[in-house]
Amino acid sequence: MAHRPKRTFRQRRADSSDSDGAEEPAAGPRVPEEQAAPGSEEEGQPPGGGRGEAAGRPFRGRGSRGRGRVWASSRRVARAAPGGDGGLGAPGDLEQQESRTVDLSTEEEDGPQHISGSKDDHSSSSSSSSTLEEEFSSIVNIPDAAFIQAARRKRELARARKDYISLDVRHPSTVSDMKENSEEDPESEPDDHEKRILFTPKPQTLKQRMAEETTTRSEETSEESQEDENQDIWEQQQMRKVVKITEGRDIDLSSHSSEFQTVKKFDTSISFPPVNLEVIKKQLNTRLMLLQDTHRSHLREYEKYIEDVKSSKSAIQNLENSSEQALNIKFYKSMKIYVENLIDCLNEKIINIQEIESSMHALLLKQAMTFMKRRQDELKHESTYLQQLSRKTETSTNGSLAIDEKTQWILEEIESRRTRRRQARALCGNCDHQEGASSDDELSSADMTDFQKSQGDILQDHKKIFEDVHDDFCNIQNILLKFHQWREKFPDSYYEAFIGLCIPKLLNPLIRVQLIDWNPLKFDSIGLKQMSWFTSIEEFMDNSTEDSKKEDSSDKKILSTVINKAIIPRLTDFVEFIWDPLSTSQTTSLITHCRMILDELSIWENEVSKGKQDLLKSIVSRMKKAIEDDVFIPLYPKSAVENKTSPHSKFQERQFWSGLKLFRNVLLWNGLLPDDTLQELGLGKLLNRYLVIALHNAVPGPDVVKKCSQITAHLPEKWFGSSAMRTSIPQLENFIQFLLQSAHKLSASEFRDEVKEIILILVKIRALNQADSFIEEYHLDHLKSVISEV
């Protein structure tokens, strides 16, 4: 940034150009003499001698810029000592008259005044002083005392109005005449060596302080206006410089462009090859085609944008005109709040549900383990007793076996229960029942009372689970009604939210509560289709507005999902821990429920679910365990079993019929379990390993034929449904051989009717080749009609 221009000052010249200065006489009786020698002008000094300075004291300027300037000079010839009273010396002591020239018109000047003066030598002769006095008196009129006093007062008032700093500070040790002179003449200043540095401000009167503040404000205002004016001038100069530089650049650019245009002029002397119109036409056509393609693409985009704008406007209009939006939002908010409250309720109650389920399961498991352990203990003690009896090794003095009290008590308890069961069958008229075919699942009165009490307590807790809950949050029908309203009002959002997949999870805890007192092993247990939750779900599925032809409909899978997630796991627990395969009543009831559940799943599912596979695996595993742990058919000498009333014969008969009952219970799963699995379990592990061996040990006769007929009666007919079969299934080969051996033995005896029964058994199990061979061997032509009928 360029420097601002400096201020210029000018100095008023003296009235007379011939003299260096004018002496102003001292006014007042107590003004000290002050001598100022003005600089003498050189001969070659230009006009305006005030601007040249002579050698001597340097000039001093008082006052600030804008104040009136006072330019004065004085000459002192001799210094008189002050009087005792502070007055002036005698008039005779003054050797030199003072002359002063006061310029009162300098208050309006802007530039500082330069005062130059010099002191005359005090030893100059009186003749020279008189000469100078005469010279000055001839040029300047010396004013009188009144005029000097008036001028002094005028200066003092001007200094009071302006920002004037008094310079009348004197050293305390100075002479009194100097003090008096300073009081009388404020313009008189001491020399440099007489000055005293002021370290504290001189006290001022109130009037002086007010005048000083007023002068400072006016001076600042004038300075600011002057500075603003200079700033504006400086900015205008800078702008003019910039405009000149820009114009110069434009001139240069125009000159360069004109030169460039001059260079680029076309030279007409250059010759070009001939123009091919076909090539130009082809290029133009190609360019036109490209432009047309671009235009068409732009048109398509434009049409697309127009359609988008129209659809957006229509959507906005539909939303603005729709008066049901508030109701829709209110409905969605209410459903959101309802579902959140329902989930919170179920999360809080699920712990109680699990505890009650565990208590009921533990109670039933304890009862099942009691029956199983008791049966195994009784079988062990009875078998040990019979072995001891057959050996006749440890006898007492009276010929009876030495057995412990526990075994004796167990045998008596077994016999008492059998007696009660025979009496009960006699009352019912079931006299054809075989010993060992009944389920020994009786409890004592004390055990039954404890069981019923514990079960009642659990059921009481079960009723208290939702006693503090509103029906809208614990009644399955009310819950499904809420979702049915959603499906009816807003089907799109209902199916987009996959509510059909969420409903089974919400209903699972409520269904488990209803299944706490449900025992699928009890013959009189209620079926699932008769339960309230099952019918409610079926009604909800039937009222579905979704396309019924869609196989993957989420609402159509609600029931199957509930069965997989809630019913099948509970059935699996019953099969693994509580079910007794030797109990026909439990097996029949379990098969009924499983068949209904699996049939229901097959309607809605094309593939076998994991829950179904786990259930079937648990059934097979439990039957294998029962065959290995609960089937025991001892083999005794024929001499011991020929007597039908002997303990050995009765025990063997009971165990055979118990194994045959398990054989029948296994084959009752026909249609639910695969055929190869049933053949492996029923024929391979049970029939061939236990039953056929027991038949070989028995005495041939009507009892053996009856047992064989019972075995054949339990075989599924579909295994032998093919009319082209001439041989039976491989797993029955041992059984067929035993039948043939029994027929050979009976043909030589008086049991002719039993032989015919054996032939009929062979025909039923499709062992036709073996039957033909036996008939031909023994010339039983009257039995060929039996084979021909098949």
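Residues numbered from 1 in each chain as written. Predicted model: local features only at pLDDT ≥ 70, side-chain atom pairs only at ≥ 80, totals over all residues. Heavy atoms only, no water.

A. Spatial organisation of the packing of helix α18 (residues 647-667) against helix α20 (residues 702-713). At a minimum axis separation of 10 Å, α18 and α20 run at an interaxial angle of 15 degrees. Comparing the axis directions of α18 and α20 gives the class roughly parallel. For the pair α18 and α20, the sense of crossing is right-handed. Each of E653, F656, W657, L660 and F663 in α18 lies in contact with α20, whose residues at this interface are K707, Q710 and I711. Across the contact of α18 with α20, the residue classes tally to five nonpolar, one polar and two charged. (Axes fitted to C-alpha atoms, helices over the stretch in contact; angles between N-to-C directions. Helix = DSSP H or I, 4+ residues; strand = E, 2+ residues; numbered from the N terminus. Parallel < 35°, antiparallel > 145°, perpendicular 65-115°, else oblique. Left-handed = near helix turned anticlockwise from the far one by under 90°. Contact = heavy atoms within 4.5 Å. Nonpolar A, V, L, I, M, F, W, Y, C, P; charged D, E, K, R; others polar.)

B. Quick peek at the pattern of salt bridges. This model, assessed by the stated rule, comprises 18 salt bridges. Salt bridges sharing partners connect three or more residues here, namely R375, D580 and D630. (Salt bridge = Lys/Arg side-chain N within 4 Å of Asp/Glu carboxyl O.)

C. Here's a closer look at α20. The terminal C-alpha atoms of α20, which comprises twelve residues, lie 16 Å apart, in line with the 16 Å expected from a rise of 1.5 Å per residue. Within α20 the residues assigned to the buried category are V704, V705, K707, C708, I711 and T712. Viewed end-on, α20 has its buried residues packed into an arc of 160 degrees, placing them on one side of the element. Packed against the buried residues of α20 are α18, α19 (675-697), α21 (733-747) and α22 (752-764). (Expected span 1.5 Å × (residues − 1). Buried < 20%, exposed > 50% of the residue type's maximum accessible area, 1.4 Å probe, protein only. Arc of directions from axis to C-beta.)

D. Region of the structure containing the nonpolar core. If you look at the biggest cluster of nonpolar residues, it comprises 126 residues, and the most contacted ones within it are W533 and W669. At twelve residues, helix α6 (residues 325-391) tops the list of elements feeding residues into this core. In contact with W533, other than residues within four places in its own chain, are I476, I511, Q514, L515, L528, L559, V562 and I567. (Core = buried A, V, L, I, M, F, W, Y, C linked by side-chain atoms within 4.5 Å.)

E. Here's a closer look at the packing of α6 against helix α10 (residues 476-489). It is the contact of α6 with α10, at a shortest axis distance of 12 Å, that shows an interaxial angle of 155 degrees. The pairing of α6 with α10 is recorded here as roughly antiparallel in orientation. The interaxial crossing formed by α6 with α10 has left-handed handedness. Two secondary-structure elements touch here, α6 through F331, Y332, M335, Y338, V339 and L342 and α10 through N478, I479, K482, F483, Q485, W486 and K489.

F. Molecular detail of a negative patch on the surface. Residues E220, E224, E227, D228, E229, D232 and E235 make up a contiguous surface patch of negative charge. Turning to its location among the elements, D228 is positioned in helix α4 (residues 206-263). According to the relative accessible area criterion, D228 is partly exposed, its value standing at 48%. (Patch = residues over 30% accessible without salt bridge, like charges linked within 9 Å, V, L, I, M, F, W, Y side chains within 5 Å. Areas by Shrake-Rupley, 256 points an atom, 1.4 Å probe, with all protein chains shown as cover. Lys, Arg positive; Asp, Glu negative; His and termini not counted. Charge placed at Lys NZ, Arg CZ, Asp CG, Glu CD.)

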